[in-house]
Number of protein chains: 2
Amino acid sequence: MKKMNKANNTLKEIAEILMASRSVLLFTHINMDGDTLGSSVALCIALRKLGKQAHILIEDDVAAFLRFLDKGYCTYDNHIIENPDICLCIDCGDVDRFRERKEKFFEGKQKGCIDHHVTTEPFADFNFIDPTASATGEIIYELLKELPVEVDKDIASAIFAAITTDTGNFQYSNTTKRTHLIAAELWDYGVDYNEISVELYQNNRLEKLLLQTKILEQITVFAGGEAAICGVTQEMLEETEGRMEETEGMVETLRDISGIELAIFVKEVSREKCKVSMRSKKYINVAEISQKLNGGGHARAAGCTVMKSYEDTKQEMMRLAEEYLKG
Amino acid sequence: MKKMNKANNTLKEIAEILMASRSVLLFTHINMDGDTLGSSVALCIALRKLGKQAHILIEDDVAAFLRFLDKGYCTYDNHIIENPDICLCIDCGDVDRFRERKEKFFEGKQKGCIDHHVTTEPFADFNFIDPTASATGEIIYELLKELPVEVDKDIASAIFAAITTDTGNFQYSNTTKRTHLIAAELWDYGVDYNEISVELYQNNRLEKLLLQTKILEQITVFAGGEAAICGVTQEMLEETEGRMEETEGMVETLRDISGIELAIFVKEVSREKCKVSMRSKKYINVAEISQKLNGGGHARAAGCTVMKSYEDTKQEMMRLAEEYLKG
């Protein structure tokens, strides 16, 4: 067997490793999104077509909007393959993002990692990490070209789902010429862009909509109209039967209001603990604000944890934001 | 001068007509969207680069989210060009959609029409109508290839704005392989997909958000969970300072709720007059419901006008919907 170093391998090498194996266990990251699942499903189908035993080992639920992708590929069963030839994590380069399955991952005779996150360092026996890819789906699509397998509609649809979700429907700054060229190629395999979009986006829980409505009722615009804050409490979740993860995107909704430069979203985790997300539009460095509370992040997206009640956290954040905007 | 018949011309012929002219007046449709304006802007820039006198004659406001496109191309001034060599309507094949400018249009020595709407019949001296194009922007891009002009970043960005808005960010069923191939080509001219997306989508009025929130507070789910109804009254507009046109998309938001097959949205136009929009997800033919009230539309999208109060219209629609669902 080829000795692998910890730098990137080529996709051709990875294809050879996969071809030499009999069983492959794929690992998604927790809080599964369209990219980790779509990429894993595409590769899983391809491996099965090549006669391999292949499964996707998961530890959390497949979200409703992604369920159309899983036609019997995902399992919670750690024993589905004993001593797999290959354990391969997809769209994930941090063992903490598959914590409950970590032990199983290292049971693989060979461990691999295919990812596009810029923070991922090669850590497995073989790796392909390409931060210029808009989605891991782009990488998987290119890997499939190195395998003696015919791409079919299901594979292509899973790749499309991975790419369209991870690029915000081709709008985020990770979208490149290559992204559109791949989307165009997928058409030839019978992908119905709209059919997938209907599955992904026309399936919102009423409770989610009611929760989001309740949150938006409580927007406070401050700092002379430059900043906006709102949030979610445990009580709001109970009242609406919404889920905490269904508030995803709310901080961006705040940011996207005309004239708002700074958006702050507060999640009440428990009585004296809140998580805060911040976004800025053009010039505020939100990481500088979050650092005052030992948080982290980037200039346009940052967050922190505040050990205070919901109301006190909101007050504290408004104070810090106004201080920063004056400075 | 070549004699034109009323069928489609080739883009080459249209390029020749444009090249032989000195002045071109472009016409958008009313309720300007990204496609009519982006396509017109792209062609206007190209014509000016070719030394032509070119302007876009408009009759309604450029919406805030599209204003970045207009760098001095649009005018309300009917006299900006007297007796233009060419009057060309873009993304519009119905003179009622440029009613206030109709007389001016027919002042053109030659009249032309470039459009992708399936309902458009060739009516001008020269025409190019292609319903397989996802957006008129696609056609304009191909027309530019027939002109001795270099596509630059501004032209390419206007084309991208046209295409991305008219395809719902590459998600609607009008999106094709060609759409993605063009988007990929635009990259080479320096288009920044994300920069345009920020202009288009990160610019929502707070009043719009508050209006939409107020509307969603009032969702009624009925017919055993299969149908949902809500709407907007004049009072709600006043309270939130939202605008009627800012309720666009709300009926689709209703439709996109899990389990909802039929979505109904009621707009109170005046005390005894409401406009109703309906959408269905998979199987209900909403045109059959709207026809009972002398309305029109398609199987998945239809509407009608009801000469009743807001509350009575809602009751009537719920009654009709339940009757239909039972039948």
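As the structure is a prediction and not an experimental result, all values here were calculated from the model.

Calculation notes
Residues numbered from 1 in each chain as written. Chains lettered and ligands numbered in written order. Predicted model: local features only at pLDDT ≥ 70, side-chain atom pairs only at ≥ 80, totals over all residues. Heavy atoms only, no water. Helix = DSSP H or I, 4+ residues; strand = E, 2+ residues; numbered from the N terminus. Rg over C-alpha atoms; globule rule 2.2 N^0.38 Å. Buried < 20%, exposed > 50% of the residue type's maximum accessible area, 1.4 Å probe, protein only. Contact = heavy atoms within 4.5 Å. Areas by Shrake-Rupley, 256 points an atom, 1.4 Å probe, with all protein chains shown as cover. Lys, Arg positive; Asp, Glu negative; His and termini not counted. Charge placed at Lys NZ, Arg CZ, Asp CG, Glu CD. Polar contact = N/O pair within 3.5 Å; in protein donor to acceptor, adjacent residues only side chain to side chain. UniProt positions renumbered as here; feature names shortened; annotations may be inferred. Core = buried A, V, L, I, M, F, W, Y, C linked by side-chain atoms within 4.5 Å. Least-squares fit on C-alpha atoms with pLDDT ≥ 70 in both. Pairing = 2+ DSSP bridges. Salt bridge = Lys/Arg side-chain N within 4 Å of Asp/Glu carboxyl O. Nonpolar A, V, L, I, M, F, W, Y, C, P; charged D, E, K, R; others polar. Axes fitted to C-alpha atoms, helices over the stretch in contact; angles between N-to-C directions. Parallel < 35°, antiparallel > 145°, perpendicular 65-115°, else oblique. Left-handed = near helix turned anticlockwise from the far one by under 90°. Phe/Tyr/Trp six-rings, centres within 6.5 Å; stacked < 30°, edge-to-face > 60°.

With respect to the overall build of chain A
Moving on, step 1. Within chain A one finds twelve helices and twelve strands.
Moving on, step 2. Against the 2.2 N^0.38 benchmark of 20 Å for 327 residues, chain A shows a C-alpha radius of gyration of 21 Å, consistent with a compact globule.
Moving on, step 3. Buried positions account for 55% of the 327 residues belonging to chain A.
Moving on, step 4. Sequence-distant contacts in chain A: of pairs separated by 6 or more residues, those separated by 24 or more amount to 64%.
Moving on, step 5. In the form shown here, chain A has an accessible surface area of approximately 14100 Å², with 47% of it arising from carbon and sulfur atoms.
Moving on, step 6. If the 39 positive side-chain charges of chain A are averaged to one point and the 54 negative ones to another, these points end up 3 Å apart.

Focus on helix α6 (residues 177-187) of chain A
Moving on, step 1. Within α6(A), burial applies to A:Thr179, A:His180, A:Ile182, A:Ala183, A:Ala184 and A:Leu186.
Moving on, step 2. Where α6(A) is buried, its residues touch α4 (136-145), α5 (153-166) and α7 (193-201) of chain A together with α5 (153-166), α6 (177-187) and α7 (193-201) of chain B.
Moving on, step 3. Two or three places before A:Arg178, at the start of α6(A), stands the capping residue A:Thr176, its side-chain oxygen 3.2 Å from that residue's backbone nitrogen.

Looking at the UniProt feature "domain: DHHA1" (unreviewed entry) in chain A
Moving on, step 1. When the UniProt feature table is mapped onto this chain, "domain: DHHA1" (unreviewed entry) is found at residues 240-326 of chain A.
Moving on, step 2. The annotated region residues 240-326 of chain A carries 34% helix and 29% strand content, and the separation between its end C-alpha atoms amounts to 38 Å.

A closer look at the nonpolar core
Moving on, step 1. A:Leu43, A:Leu144, B:Leu18, B:Leu43 and B:Leu144 are the most contacted members of the largest nonpolar core, which has 112 residues in total.
Moving on, step 2. Not counting residues up to four positions away in its chain, the partners in contact with B:Leu18 are B:Val24, B:Leu43, B:Leu47, B:Lys52, B:Ile86, B:Leu88, B:Leu143 and B:Leu147.

Some remarks on the relation of the copies chain A and chain B
Moving on, step 1. By a simple turn and slide, chain A fits onto chain B: the slide is 0.0 Å along the axis, the RMSD is 0.3 Å, and the turn is 180°. Expressed as an axis order, the relation between the two copies is that of a two-fold axis.
Moving on, step 2. When the interface residues of chain A are mapped onto chain B, 100% of them again fall at the interface, so both copies present the same face.

Some words on the side chain of B:Gln171
Moving on, step 1. As for its placement among the helices and strands, B:Gln171 is situated in the loop between α5 and α6.
Moving on, step 2. Judged by relative accessible area, which is 4%, B:Gln171 ranks as buried.
Moving on, step 3. Among the polar contacts listed, one links the side chain of B:Gln171 to the side chain of A:Ser197, at a separation of 3.0 Å.

Thoughts on the sheet that holds strand β10 (residues 273-280) of chain A
Moving on, step 1. The strand order across the open sheet built from six strands is β7-β8-β9-β10-β12-β11 (chain A), with neighbouring strands paired in mixed fashion. Edge positions in the open sheet fall to β7 (220-222) and β11 (296-297) of chain A, since each of these has one partner strand only.

Here's the deal with the interface of chain A and chain B
Moving on, step 1. In this assembly, 38 residues from chain A lie in contact with 38 residues from chain B.
Moving on, step 2. For the pair chain A and chain B, the interface holds two salt bridges.
Moving on, step 3. Of the charged contacts in the structure, one is a salt bridge between A:Asp188 and B:Lys177, with a shortest N-O distance of 2.6 Å.
Moving on, step 4. Linking chain A with chain B are 23 residue pairs in polar contact (both at pLDDT 80 or more).
Moving on, step 5. Residue assignment for the side of chain A that touches chain B shows that the elements contributing at least two residues are α5, α6, α7, α8 (206-216) and α10 (250-255) of chain A.
Moving on, step 6. Counted by class, the side of chain A that touches chain B contains 16 nonpolar, 15 polar and seven charged residues.

Brief notes about the pairing of strand β9 (residues 262-270) of chain B
All names here are of chain B.
Moving on, step 1. Taken together, the six bridges between strand β8 (residues 227-232) and β9 define a ladder with parallel strand orientation. Counterpart to Ala228 in the pairing with β9 is Ala263.
Moving on, step 2. The sheet contact formed by β9 and strand β10 (residues 273-280) spans eight bridges and is antiparallel. Directly across from Leu262, in β10, lies its bridge partner Ser280.
Moving on, step 3. What sits between β9 and β10 in their antiparallel hairpin is a turn of two residues.

Notes on the packing of α5(B) against α6(B)
In helix packing, the relevant descriptors are the interaxial angle and the interaxial distance, both defined with respect to the helix axes.
All names here are of chain B.
Moving on, step 1. Relative orientation of the contacting elements α5 and α6 amounts to 150°, with a least axis distance of 10 Å. Between α5 and α6, the crossing angle belongs to the class labelled roughly antiparallel. The handedness of the crossing between α5 and α6 is left-handed. From α5, Ala156, Ile159, Phe160 and Ile163 reach across to α6, where they touch Thr179, Ile182, Ala183 and Leu186.
Moving on, step 2. Partitioned by chemical class, the residues of the contact of α5 with α6 number seven nonpolar, one polar and no charged.

Considering the packing of aromatic side chains
Moving on, step 1. The tally for this structure, following the rule as stated, stands at 17 aromatic pairs over all chains.
Moving on, step 2. Here the aromatic rings of B:Trp187 and B:Tyr193 are separated by 5.3 Å at their centres, their planes lie at 35°, and the arrangement is tilted.
Moving on, step 3. Given the relative accessible area of 33%, B:Trp187 is considered partly exposed.
Moving on, step 4. Judged by relative accessible area, B:Tyr193 falls into the buried class, the value being 1%.
Moving on, step 5. Among the aromatic residues, those joined into a cluster by ring pairs are A:Phe160, A:Phe170, A:Trp187, A:Tyr193, B:Phe160, B:Phe170, B:Trp187 and B:Tyr193.

What to know about unusual backbone geometry
Moving on, step 1. One non-glycine residue, A:Asn83, lies in the positive phi region at around 45°.
Moving on, step 2. With respect to the helices and strands, A:Asn83 occurs in the loop between β3 (74-75) and β4 (86-90).
Moving on, step 3. Backbone geometry places B:Phe170, a non-glycine residue, at a positive phi of 65°.

Examining the environment of B:Thr247
Residue and element names in this part refer to chain B.
Moving on, step 1. Relative to the helices and strands, Thr247 resides in the loop between α9 (234-240) and α10 (250-255).
Moving on, step 2. The sequence separation of Thr247 and Cys74 amounts to 173 residues, and the corresponding C-alpha distance is 26 Å.
Moving on, step 3. Those residues in contact with Thr247, other than ones at most four positions away along the chain, are Leu211, Ile215, Val232, Phe265 and Lys267.

Topic: the side chain of B:Lys104
Moving on, step 1. Along the polypeptide, B:Lys104 turns up in helix α3 (residues 102-105).
Moving on, step 2. If near-sequence neighbours (up to four positions away) are discounted, B:Lys104 is found in contact with B:Leu25, B:Phe27, B:Leu57, B:Asn78, B:Ile81, B:Glu82, B:Asn83, B:Pro84 and B:Cys87.

Examining the sheet that holds β9(B)
Think of a sheet as strands paired side by side through backbone hydrogen bonds, with each pair either parallel or antiparallel.
Residues and elements named next belong to chain B.
Moving on, step 1. The mixed open sheet is built from six strands, whose spatial order is β7-β8-β9-β10-β12-β11. A single partner strand is all that each edge strand has here, and the edge strands are β7 (220-222) and β11 (296-297).
Moving on, step 2. Taken together, the six bridges between β10 and strand β12 (residues 301-306) define a ladder with antiparallel strand orientation. Looking across to β12, one finds that Lys275 is bridged to Thr305.

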